[in-house]
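In case you want the letters, here they are:
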Amino acid sequence: MLFLQLLINGIQAGALYALIAVGFSLIFGTTRIFHFAHGATFTIAAYVFYHLYAVMHLHWSVAALACAVAAVLFGLALNRWVYIPIQKHEGSFFTVFVAAFGVSILVENLCGMVFGRSYVSVDTPLSRSVEITHGLYVSPLSGIAIVIALLFFGGLQAFLMRTHTGMALRALSDNPELVRAYGLSPRRLSMSVFALGSLLAVPAAILTAMGSGLQPSLGEHVMLISLAASIVGGIGSLRGAAYAGLVLGLAENLALAYFQPQWSEAVTFIVLFLSIIVRPSGFFGRVIAS
């Protein structure tokens, strides 16, 4: 029964990890910007929802809409006022990484100052687990997480395959010069990518606030999962990032049957390490011949 409980928890966590990882992979695969502050986007969205819903007692739909707007605006502002100026001056990959890392530290400390550094959570009827059978407890959030992940992935796939903007984004990831040749602006397309990638972190942030709770440093774990899933799934592969996020969620939770909870992040590194050894290009990455 313990294994089944951990399996259900792992699927729920994996669905949320998949959403976060796909958002990061979309941004990195399209713009080649190492958006280390993706974890900060998650943190901002989660705390906005917590404050508006749990503290100010606004309707959940208003709180959810506000946290989506906050996440998208943060992603757009970071791209417009940090990444683009650095790229204008031919800033290196490392320069972009350091800037994003600095923003992440700033957001973490601001959240700690405003909301405190202890765990907070949003208590709703959906957060309470129901005993399905003896020793097996399932929260409604498990099913909600899976359904939302599938809906978002389906919507993202339809957007990328059937809309002009989506096709332009796919072209941008392969050949930016071709995009310019057709009269499109890579800069405007990159803004669309940041908005979309940031939006994908919102449902995971809300469900995490309603489930396991929040802490300012949670963004670091989110970024670790995003990076690991992108590498394990294959750099630039959205499908790979989604599958890898699910695998990492399952691995973290199933490992609890054998190890102490503090070893959960070590499990992520073990999966990443084995993936690099066995298949360096990732699940769905392109193998580059030397």
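Please read all numbers here as calculations on a predicted model, not as lab measurements.

Draft legend 1. Representation of the pattern of salt bridges within the structure. What the rule picks out here adds up to 1 salt bridge. We note a salt bridge from Asp-123 to Arg-128, for which the minimum N-O separation is 3.5 Å. A relative accessible area of 48% means that Arg-128 is categorised as partly exposed.

Draft legend 2. Representation of helix 3 (residues 60-88). In a regular helix each residue adds 1.5 Å, so 29 residues correspond to 42 Å; helix 3 covers 41 Å between its end C-alpha atoms and thus fits that length. At Asn-79, helix 3 is bent by approximately 35°, the largest bend along its length.

Draft legend 3. Looking closely at the side chain of Ser-237. Structurally, Ser-237 can be placed in the loop between helix 9 (218-233) and helix 10 (238-254). Here Ser-237 is in contact with Ser-25 and Phe-284, once residues within four sequence places are set aside.

Draft legend 4. Here's a closer look at the packing of aromatic side chains. Tallied over the entire structure, the rule returns 16 aromatic pairs. Between the aromatic rings of Phe-34 and Phe-36, the centroid separation amounts to 6.4 Å while the plane-to-plane angle is 25°, which identifies the pairing as stacked. As far as the burial class goes, Phe-34 and Phe-36 line up, both buried. Each ring, one from Phe-36 and one from Phe-101, has its centre 5.4 Å from the other, and the planes form 55°; the classification is tilted. With Phe-36 in the loop between helix 1 (2-31) and helix 2 (38-55) and Phe-101 in helix 4 (residues 93-115), this residue pair connects regions lying 65 residues apart in the sequence. Overall, the relative accessible area of 38% leaves Phe-101 in the partly exposed class. Each residue in the set Phe-24, Phe-28, Phe-34, Phe-36, Phe-93, Phe-94, Phe-97 and Phe-101 is aromatic and connected to the rest through ring pairs, giving one cluster.

Draft legend 5. Spatial organisation of unusual backbone geometry. Not every positive phi belongs to a glycine, and Arg-32 is a case in point at roughly 60°. Within the secondary structure layout, Arg-32 lies in the loop between helix 1 and helix 2. One non-glycine residue, His-57, lies in the positive phi region at around 60°. Its place among the elements puts His-57 in the loop between helix 2 and helix 3. For His-57, a relative accessible area of 63% puts it in the exposed group.

Criteria and cut-off values
Residues numbered from 1 in each chain as written. Predicted model: local features only at pLDDT ≥ 70, side-chain atom pairs only at ≥ 80, totals over all residues. Heavy atoms only, no water. Salt bridge = Lys/Arg side-chain N within 4 Å of Asp/Glu carboxyl O. Buried < 20%, exposed > 50% of the residue type's maximum accessible area, 1.4 Å probe, protein only. Helix = DSSP H or I, 4+ residues; strand = E, 2+ residues; numbered from the N terminus. Expected span 1.5 Å × (residues − 1). Bend = angle between axes of the 7 residues up to and from the residue. Contact = heavy atoms within 4.5 Å. Phe/Tyr/Trp six-rings, centres within 6.5 Å; stacked < 30°, edge-to-face > 60°.

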